[in-house]
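Working through the structure, step by step
Given next are the chains, with one letter for each unit.
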Amino acid sequence: VVAMVDEKTGRVKVVGHGEGAITAWFDSQIVLARVTSPFPHEIPDAVFAGAARRNFIDDLVLAQLHRLNLKPSPRSSDSDFIRRVHVDTLGKLPAPEEVRAFLASKDPDKRDRVIDQLLQRPEYVDYWTYRWADLLMISGKLLRPEAVKAYYMWLRTAVEKDTPWDDMTRQLVTAKGDSLVNGATNFFAVNQDPETMAENLSQTFLALSINCAKCHNHPLEKWTNDQYYAFANLFARVRAKGWGGDSRNGDGVRTLYVEPRGDLIQPRTGRPQPPAPLDGRTIAPEDPGDRRKPLAAWLTSPENPYFTRSIANRVWAAFFGMGIVDPVDDMRESNPASNEPLLAAISDYLVSSDFKLKSLMRVILQSETYQRSSATLPANATDTRYFSHYYPRRMIAEVLHDAICDVTEVPGMFNKVMQQDGSTQETKFYPKGTRALQLYDSAVASYFLETFGRNERDIACECERSTQPSMVQVLHLSNGDTVNEKLALKDSRVAELLASKREDRTLVEEAYLLCMARLPTPQERDAFTAILKETPEAGKRAVLEDLFWALMTSREFLFQH
């Protein structure tokens, strides 16, 4: 907290350090006053003048750090970087041979080369399809299996082609036809009434929650009850044949079409509200055309103050664990950006790149801001939102699951799907070896994924996902079957390493490369090598299992850093 407002007098008192905002609103009009309170550090100007800069991101971040007296952390080590960029871009740990090659390379451009290679790998498609599937609520709880597959494959194809975000959005918003032929139509299958369509589209593509305006003018934002129903009326003519009241009934085939007539009644007035996008032009109520087409044009316009900022902020948060506006799906004016010039700049960059998300990802990954160490300094240890250092965070559930499978070389099994009544049903949809990040939807039963906070995709909100540690997670990793049973299997990684007859020192190094993407320190190597050396051959398996268990339950393994 930077500043507090006295409820009686209205006087503002600075109580902390950083940059905050005071919000004032009256009659749906909102204004902000920004408050800057520098941290009490003595940092010479030369520190910022001499700080490494790669692109405009670094210029804008360093300008704010200078203003706030926050010292930037140095560049991350090569081992930290190679692990970080793999997990953030692919959702996958680097292989030992990739780590060794990267650490041994003297190429000054090796980080750029790795970034470009990762953005072209098939695992990139798996990972980002999964991330955007969270946003689009692809779930077997809401759709039949055939429709889930069609929706997922439409999205995966778009990610694989690096389809511009504005084009993807237009395809979704104006989708028509057979739900199994045009997977994008299923966006309207999970949002089946005009109000839900309006609310979830606003949350998904604008990061705006307009739900509160359904009953009355929004108490904390400018959106009115009339604007809500004007927006929802854009979807009043969307119809579907074949889905009934429950989208899971029938064979899953639906045909989406648009009627030339029909309106949504505004309950307060008892008559239709003329259809209009939020802050957009009213569409003639008598126009028989598809109202979603002018909506899509307004929504994806570079001049739309929310559309570009929303997706640029989501991409940023995926790499830093925190948005410039945070939470990422709360873009209301009364929740301002922590660095407004930075958010404006990456949004402008995305527009200039024709909404190609890979272009934005590349410039973020190349920045010194992204490549900073997660180790804090005395002069930035209390910073939690200005990106003076990289913020460690626990890996998301699916990435952690796949990391454990990769390290142990024992794949997961996904053979049950959750039903709406809470029961499970057997499925052969996912063959053995399917990664968690390759699952089409969130209805696949998995105790591990549920325990570690996957997004259940019940609502269009990032709050559905959790990366908060819990005691249940600790107990599961320590005593549960995910780690212990995989290590103990006769054909696990441990068995393979022992069969290779490698030296004890090499076994220790391989374990660290697999789990930590780094070589052990001399102390770590010597300690574990000594234990292995003094252990009889019959007991080496237990010792090696214990070594892997110790590494895989450590904070360094579980957290992205």
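Now for a quick tour of the structure. Quick caveat, the model's predicted, so the values are computed rather than measured.

As a volume, the largest pocket reaches approximately 970 Å³. Residue lining of the largest pocket: 42 residues in total, with A317, G321, M322, E462 and T467 positioned closest to the centre. For the lining of the largest pocket, the leading source of residues is helix α6 (residues 122–135), giving six residues. Among the residues forming the lining of the largest pocket, the class breakdown is 21 nonpolar, ten polar and eleven charged. In this structure, the second largest pocket spans a volume of roughly 560 Å³. Every residue lining the second largest pocket is counted, 21 residues in all, and those nearest its centre are P411, G412, M413, D481 and K486. Contributing elements (two or more residues each) for the lining of the second largest pocket: α16 (447–451) and α18 (481–488). It is α18 that provides the largest number of residues to the lining of the second largest pocket, a total of four residues. Of the residues assigned to the lining of the second largest pocket, the class counts are eight nonpolar, six polar and seven charged.

Attention shifts here to the pattern of salt bridges. Tallied over the entire structure, the rule returns 39 salt bridges. Note that R156 and D126 form a salt bridge whose closest N and O atoms lie 2.6 Å from each other. Placement of the pair is R156 in helix α7 (residues 145–160) and D126 in helix α6, with a sequence separation of 30 residues. Of the two residues examined, R156 and D126, each falls in the buried class. Put simply, K222 and E333 hold a salt bridge, and the shortest N to O gap is 3.9 Å. One end of the pair, K222, is in the loop between α9 (194–206) and α10 (225–232); the other, E333, is in the loop between α12 (307–320) and α13 (340–352), with 111 residues separating them in the sequence. By relative accessible area, E333 is classed as partly exposed at 29%.

We now examine empty space enclosed by the protein. One way to see where empty space is left: roll a probe the size of a water molecule over the atoms. All told, the structure shown has two cavities of 30 Å³ or more when counted by the stated rule. The volume enclosed by the largest cavity comes to roughly 70 Å³. Looking at the largest cavity, the residues that line it are Y124, W128, W132, A158, V159, D162, T163, M168 and L357. The element best represented in the lining of the largest cavity is α6, accounting for three residues. Its residues assigned to classes, the lining of the largest cavity comprises seven nonpolar, one polar and one charged. The volume enclosed by the second largest cavity comes to roughly 40 Å³. If one sorts the elements of the lining of the second largest cavity by residue count, α6 sits on top with three residues.

With that out of the way, let us pick up the sheet that holds strand β5 (residues 177–178). Pairing is antiparallel in the open sheet, where three strands are placed in the order β5-β7-β6. The open sheet has two edge strands, β5 and β6 (238–241), and neither has a second partner. Inspection of the sheet shows β6 paired to strand β7 (residues 255–258) by four bridges, in the antiparallel sense. Looking at the pairing, A240 lines up with L256 of β7.

What follows covers the packing of α13 against helix α14 (residues 357–366). Between two packed helices, the angle of one axis relative to the other and the distance separating the axes together describe the packing. In the contact formed by α13 and α14, the axes pass within 8 Å of each other and the chain directions differ by 135 degrees. The angle between α13 and α14 places the two elements in the oblique class. Considering only the axes of α13 and α14, their crossing is right-handed. Contacts between α13 and α14 involve I346, Y349 and L350 on the former and, on the latter, L357, S359, L360 and V363. Considered class by class, the residues forming the contact of α13 with α14 number six nonpolar, one polar and no charged.

In total, this model carries one disulfide according to the counting rule given. One disulfide bridge connects C461 with C463, the sulfur atoms lying 2.3 Å from each other. Its S-S torsion of approximately 135 degrees makes the covalent link between C461 and C463 right-handed. C461 sits in the buried class, given a relative accessible area of 17%. No disulfide involves C212; its sulfur sits 8.6 Å from the nearest other cysteine sulfur, which is in C215. Judged by relative accessible area, C212 falls into the partly exposed class, the value being 38%.

Criteria and thresholds
- Residues numbered from 1 in each chain as written.
- Predicted model: local features only at pLDDT ≥ 70, side-chain atom pairs only at ≥ 80, totals over all residues.
- Heavy atoms only, no water.
- 1 Å grid on protein atoms, 1.4 Å probe; cavity = no way out; pocket = protein on both sides within 12 Å on 5 of 7 lines; lining within 4 Å.
- Points joined across faces, edges and corners; volume = space filled by probe spheres on them.
- Helix = DSSP H or I, 4+ residues; strand = E, 2+ residues; numbered from the N terminus.
- Nonpolar A, V, L, I, M, F, W, Y, C, P; charged D, E, K, R; others polar.
- Salt bridge = Lys/Arg side-chain N within 4 Å of Asp/Glu carboxyl O.
- Buried < 20%, exposed > 50% of the residue type's maximum accessible area, 1.4 Å probe, protein only.
- Pairing = 2+ DSSP bridges.
- Axes fitted to C-alpha atoms, helices over the stretch in contact; angles between N-to-C directions.
- Parallel < 35°, antiparallel > 145°, perpendicular 65-115°, else oblique.
- Left-handed = near helix turned anticlockwise from the far one by under 90°.
- Contact = heavy atoms within 4.5 Å.
- Disulfide = S-S within 2.5 Å.

Spatial relationships are all this shows, so hold off on functional conclusions.
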